[in-house]
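# Chain and residue survey
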Number of protein chains: 2
Amino acid sequence: MNARDAYDKLLAHSRASADIAATLSLLSWDQQVMIPPAGHAGRAEQIGALTAILHRRACDPAMGQWLDACQGSELTRDAASPEAANIRELRRDYEQAVKIPESLAVALAQAASTGQRAWELARKDNDFAAFAPHLTSLLDLSRQKAEALGYAGEAYDALLDLFEPGETVAAIAPILAELRDAATDILGAIADAPQPAPLPAGPYAAKEQKALLAQVTARLGLPAAASRLDVSTHPFSTLIGPGDARITTRFDEDDFTKAFFGAVHETGHALYSLGHVGNGHYGTPMGEPASFAVHESQSRLWENQVARSLPFWEHMLPLAAAHFPQLAGLTPLDVFRDVGAIRPGLIRVDADETTYNPHIVLRFELELALIRGDLAVADLPGAWNEKSQAILGLTPPNDALGCLQDVHWSTGAFGYFPTYSLGNIYAACLFEAAGQAIPDLPARMAAGDFAPLLAWLGKAVHEKGRLLRPRALITQATGQAPTAGPLVRHLRAKAAAIYGI
Amino acid sequence: MNARDAYDKLLAHSRASADIAATLSLLSWDQQVMIPPAGHAGRAEQIGALTAILHRRACDPAMGQWLDACQGSELTRDAASPEAANIRELRRDYEQAVKIPESLAVALAQAASTGQRAWELARKDNDFAAFAPHLTSLLDLSRQKAEALGYAGEAYDALLDLFEPGETVAAIAPILAELRDAATDILGAIADAPQPAPLPAGPYAAKEQKALLAQVTARLGLPAAASRLDVSTHPFSTLIGPGDARITTRFDEDDFTKAFFGAVHETGHALYSLGHVGNGHYGTPMGEPASFAVHESQSRLWENQVARSLPFWEHMLPLAAAHFPQLAGLTPLDVFRDVGAIRPGLIRVDADETTYNPHIVLRFELELALIRGDLAVADLPGAWNEKSQAILGLTPPNDALGCLQDVHWSTGAFGYFPTYSLGNIYAACLFEAAGQAIPDLPARMAAGDFAPLLAWLGKAVHEKGRLLRPRALITQATGQAPTAGPLVRHLRAKAAAIYGI
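Worth saying up front: this structure is predicted, and the values here are computed from it rather than measured.

Procedures and definitions
- Residues numbered from 1 in each chain as written.
- Chains lettered and ligands numbered in written order.
- Predicted model: local features only at pLDDT ≥ 70, side-chain atom pairs only at ≥ 80, totals over all residues.
- Heavy atoms only, no water.
- Disulfide = S-S within 2.5 Å.
- Core = buried A, V, L, I, M, F, W, Y, C linked by side-chain atoms within 4.5 Å.
- Buried < 20%, exposed > 50% of the residue type's maximum accessible area, 1.4 Å probe, protein only.
- Contact = heavy atoms within 4.5 Å.
- Phe/Tyr/Trp six-rings, centres within 6.5 Å; stacked < 30°, edge-to-face > 60°.
- Helix = DSSP H or I, 4+ residues; strand = E, 2+ residues; numbered from the N terminus.
- Lys NZ or Arg CZ within 6 Å of the ring centre and 35° of its normal.
- Salt bridge = Lys/Arg side-chain N within 4 Å of Asp/Glu carboxyl O.
- Pairing = 2+ DSSP bridges.
- Axes fitted to C-alpha atoms, helices over the stretch in contact; angles between N-to-C directions.
- UniProt positions renumbered as here; feature names shortened; annotations may be inferred.
- Buried area = accessible area lost by both parts, 1.4 Å probe.
- Least-squares fit on C-alpha atoms with pLDDT ≥ 70 in both.

## Digging into the state of the cysteines
- Under the definition given, this model contains 0 disulfides over all chains.
- In this structure Cys70 of chain B is a free cysteine whose sulfur lies 19 Å from that of Cys59 of chain B, the closest cysteine sulfur available.

The following block contains the structure:
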């Protein structure tokens, strides 16, 4: 078969699969935001039916034939061309899909489904023992998956690579350790400094929070015509198709900052989603996100580097105060100090920028030990509590606030956690580079003009899709290989500004 | 292959297809209720992709083999058994599907999606010319579809049969004429009688309307845990899966009756949907609606025979008045007289029970002429206006209020309109029979107890699924073949009660 014909068939197949994947996203969004209670059982069947179709398409032998026809053709000559990237990434996806036997894929999907439900109950009842058999089974299946996928170093690498192409334990362990040590340093330095004054008490009416967020997300560059903001128990961002990026949040009338930073975080994801599908390559790898860490870099950049900055609040405080009169007496610096405060806690999703990464180190070290077989499932709670004390200086009073707090392991997502810290690192690298490219960036932000930043990110990251692997993408965008340096500098500078250290 | 094995495979295939069809329903619901404006183009692609999959499944040659293995086996011995009905109806569906080439099925689905969007804009702008090319293309594709399906009489029959199995132009034209003539008679008889006093002026706050409807739909038997009520430009009802029946309405703060009767109408559809999937046969023909007319009979029965009756308002008026103090001084008879008033108008969906059917005659005659090729698309506006004057005595001032008022043609649904009048006929037949089976039905309704009626409809219609063809179903439910008689009696009796003729 002619390489060009084969390529066209590959792309048509990829686009139709993307439409099915988008439909799965809608089934999931609807289940979390809209579905009536009696609809859940039917929804699980619908998701199962579409997942089976998508899996069968992913390992369709025709894909292998088309890929073979493209391989070595002139389409792959320029490795930096969209065609070469599409062929390279479609091969990666295809080879991953065919390596996993359907029986294992089905077993994993079922274990994830029952595991998540078991975890919900176990967390509610603070009953780790009830969850332990599920975790054991998920670990066993994940090890089988790693063996099926293959790896050069160790089994964990195969799982990590699914989320973050090219990353390995050997590469990320030292970076994570650097972030942990920096956090320990900073915590030591501020130990005797007074904490900033907390923001005024509520109520912050949900309706006003929503109205404020509509203004803020629009100002950040999220077009109202291509997005929605809804309420769900667990906030998330999802792309339903080109021109349809949806985010959710959850309102706490005692504390507007929870929904606020949650929604800004999800807005960062949504801006990336609209950016990578807006490059004319929708439905092919060139129109897809580069990795989980790159996705997280976009959400964290807008949440932390932008929305927790002083210039941001110089512009946004009057807007917020128009909705919440109790904020009227504050200065931008007051808000900046509170939303940047470092207050170690037990819960990862509530953690500040500095102590967030130690939370990741804790999980990474434990899941690595579990996959390696160095830690028995039964010993996880004890190991968690011990490591929590060592890393965070806090011991959870129970497992619900300890090793049962996160959903990830209950769905078999081992190797996911490190992408959060890599995302933080990439966010800091990118923001530092953006600041050099846009010298008046703080002034622009203080004037409510976020367009230059979004345009820079669009060009440097969003429009690239999967053209480059994550580290190469960041290297090209920033002019240097990513390191923890920019993030550590950012955290130290913020601690200095807030605590006067 | 063993017939029982083949039957099991048929049913598993049917159930998985039902899950995909339910997903298509969600794509459509979301497009009408939730989607951000920039999402429409992508949605058309998604609908196209899933339609292609569904169509491929519907004409999967394995279906033909399984059906052949079942044919003549003991499973089909008792024609009134669920097995025999499933096999008969799956064969009907399969034979229809294999006749339509996939390229045509996808082209129709995509033309419907883009056609609907074009129609929305054309109606808003009162610009028939902008919609005409879409209509031309939809007509062309529909004629191709009719030819592919084949027919004994004429092309239109093939399209009509898709909505209403067994019906033909020859069979329905005289019934529609009978309804038109009855309407003309009644209009003549009330010409000199004074119109009932209109209901008090608004405002009727949308929020209060929604709260009232939540109470009313629950009282009629629609479970809140298995349904949703949302707002859309064009009210509709859709089943997203077992336990998930959604209805929409549109609020007019000057006139609460529009959303009220619209929502009761859609509730009738939703009650049928939950009834036919609640019989243990979800995902197979036995768990599907018998036809579009039977579906409409359920919505119209609850809207007209129930909610526009005097007993209904004896129960509901105090409830409504609790939300709208301006209703407090009225009697149930006042409301009954206003909501049953006969006031010819331009808009079908606002038409009263009597003049509704002439609206259908108008559309039926025009779409028949379009399909036959006797009427050119460019001449449609003029033909509409002329016929509107002849049948309704009214000429639309513009196309938005004339031939652009309905969505149906923009989705390629030619042959759909007659099912509305057949539905009205079936509703009257069924309600007359229910009244004989439940002698104290009016008193029950006046006491707010609609359970006996719902139970009777459930047993007579809902639970039967596609066990019987529509006319046979009504015949079995009522003890006699359906005719226009009961509907004409109902309309005359109501005109007599309201206008004293």
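Let's pick the thread back up.
## Points about the nonpolar core
- Formed by 133 residues in total, the largest nonpolar core has its most connected members in Phe260, Trp302, Phe312 and Trp313 of chain A.
- Excluding residues that lie within four positions of it along the chain, Phe312 of chain A makes contacts with Val216, Leu220, Phe260, Val306, Ala307, Met445 and Phe450 of chain A.
- If you look at the next biggest cluster of nonpolar residues, it comprises 130 residues, including Ile247, Ile371, Tyr426 and Leu473 of chain B.

## Considerations on the packing of aromatic side chains
All names here are of chain A.
- Counted according to the given criterion, the structure contains 40 aromatic pairs over all chains.
- Geometrically, the ring pair formed by Phe312 and Phe450 is tilted, given 6.0 Å between the ring centres and 55° between the ring planes. Of this pair, Phe312 sits in helix α12 (residues 310-323) while Phe450 sits in the loop between α17 (441-446) and α18 (451-460), and the two are 138 residues apart along the sequence. Accessibility classification places Phe312 together with Phe450 in one group, the buried group.
- Among the aromatic residues, those joined into a cluster by ring pairs are Tyr204, Phe256, Phe260, Phe261, Trp302, Phe312, Trp313, Phe324 and Phe450.
- Lying over the aromatic face of Trp29, Arg246 brings its terminal NZ or CZ to 4.4 Å of the ring centre.

## What about the pattern of salt bridges?
- All chains considered together, the criterion is met by 63 salt bridges over all chains.
- Note that Asp185 of chain A is salt-bridged to Arg492 of chain A, the shortest N-O span being 3.5 Å. With a gap of 307 residues between them, Asp185 of chain A in helix α8 (residues 169-190) and Arg492 of chain A in helix α20 (residues 485-499) connect regions that are remote in the sequence.
- Taking the relative accessible area as the measure of exposure, Asp185 of chain A reaches 45% and is therefore partly exposed.
- The partner of Arg444 of chain B in a salt bridge is Asp449 of chain B, and the shortest N-O contact between them spans 2.8 Å.
- Among the residues examined, Arg444 of chain B registers a relative accessible area of 31% and is labelled partly exposed.
- Through salt bridges with shared partners, a single network forms among Arg88, Glu89, Asp93, Glu288, Arg466 and Arg469 of chain A.

## Concerning the sheet that holds strand β2 (residues 237-241) of chain A
Residues and elements named next belong to chain A.
- Pairing in this open sheet of 3 strands is mixed, and the strands run β1-β3-β2 from one edge to the other. The open sheet has two edge strands, β1 (227-231) and β2, and neither has a second partner. Going from strand to strand, the sheet's axes swing by 25° on average, the running direction of each strand aside.
- As paired elements, β1 and strand β3 (residues 244-249) share 5 bridges and run parallel to each other. Counterpart to Arg228 in the pairing with β3 is Arg246.
- Across the face of the sheet, helix α1 (residues 3-33) comes into contact with β1, β2 and β3 while running at roughly 135° to β2.

## So, the sheet that holds strand β3 (residues 244-249) of chain B
Residues and elements named next belong to chain B.
- Spatially, the 3 strands line up as an open sheet ordered β1-β3-β2, and their pairing is mixed. Looking at the sheet topology across the chains shown, the edges are occupied by β1 (227-231) and β2 (237-241). If you compare each strand with its neighbour and ignore which way they point, the axes differ by 25° on average.
- Two elements, β2 and β3, share 4 bridges in a ladder whose sense is antiparallel. When the sheet's bridge partners are listed, Ser237 is paired in β3 with Ile247.
- Packing against the sheet, helix α10 (residues 256-277) makes contact with β2 and β3, and its axis sits at approximately 165° to β3.

## Structural notes on the UniProt feature "binding site: Zn(2+)" (unreviewed entry) in chain A
Residue and element names in this part refer to chain A.
- The sites that carry the UniProt feature "binding site: Zn(2+)" (unreviewed entry) are, in the present numbering, His265, His269 and Glu296. Over a stretch of 32 residues, the named residues converge on one spot in the fold, their C-alpha atoms separated by at most 8.8 Å.
- Relative to the elements of secondary structure, His269 occurs in helix α10 (residues 256-277).
- Here His269 falls in the buried class, since its relative accessible area comes to 11%.
- With respect to the helices, strands and loops of the structure, Glu296 is situated in helix α11 (residues 292-306).

## Structural notes on the interface of chain B and chain A
- Contacts between the two partners involve 33 residues from chain B and, on the opposite side, 34 residues from chain A.
- Taking both sides of the interface into account, the surface hidden between chain B and chain A amounts to around 2400 Å²; carbon and sulfur atoms contribute 63%.
- Our count for the chain B to chain A interface comes out at 4 salt bridges.
- Arg246 of chain A serves as the salt-bridge partner of Asp30 of chain B, at 2.6 Å between the closest nitrogen and oxygen.
- Those elements that provide at least two residues to the side of chain B that touches chain A are α1 (3-33), α2 (40-58), β1, β2 and β3 of chain B.
- In terms of residue count, the dominant contributor to the side of chain B that touches chain A is α1 of chain B (9 residues).

## Section: the UniProt feature "active site" (unreviewed entry) in chain A
- With numbering matched to this structure, UniProt assigns "active site" (unreviewed entry) to Glu266 of chain A.
- Among the secondary structure elements, Glu266 of chain A is positioned in helix α10.

## Examining the pairing of β2 of chain B
- In terms of burial, β2 of chain B is largely enclosed, as 4 of its 5 residues are buried.
- Here β2 of chain B folds back onto β3 of chain B in antiparallel fashion, the turn holding 2 residues, of which Gly243 of chain B has a positive phi close to 80°.

## Quick word on the relation of the copies chain B and chain A
- Superposition record for chain B on chain A: RMSD 1.1 Å, screw rotation 174°, translation along axis 0.7 Å.
- Interface overlap between copies is the fraction of interface residues in one copy that are interface residues in the other; for chain B against chain A it reaches 100%, indicating a shared surface.

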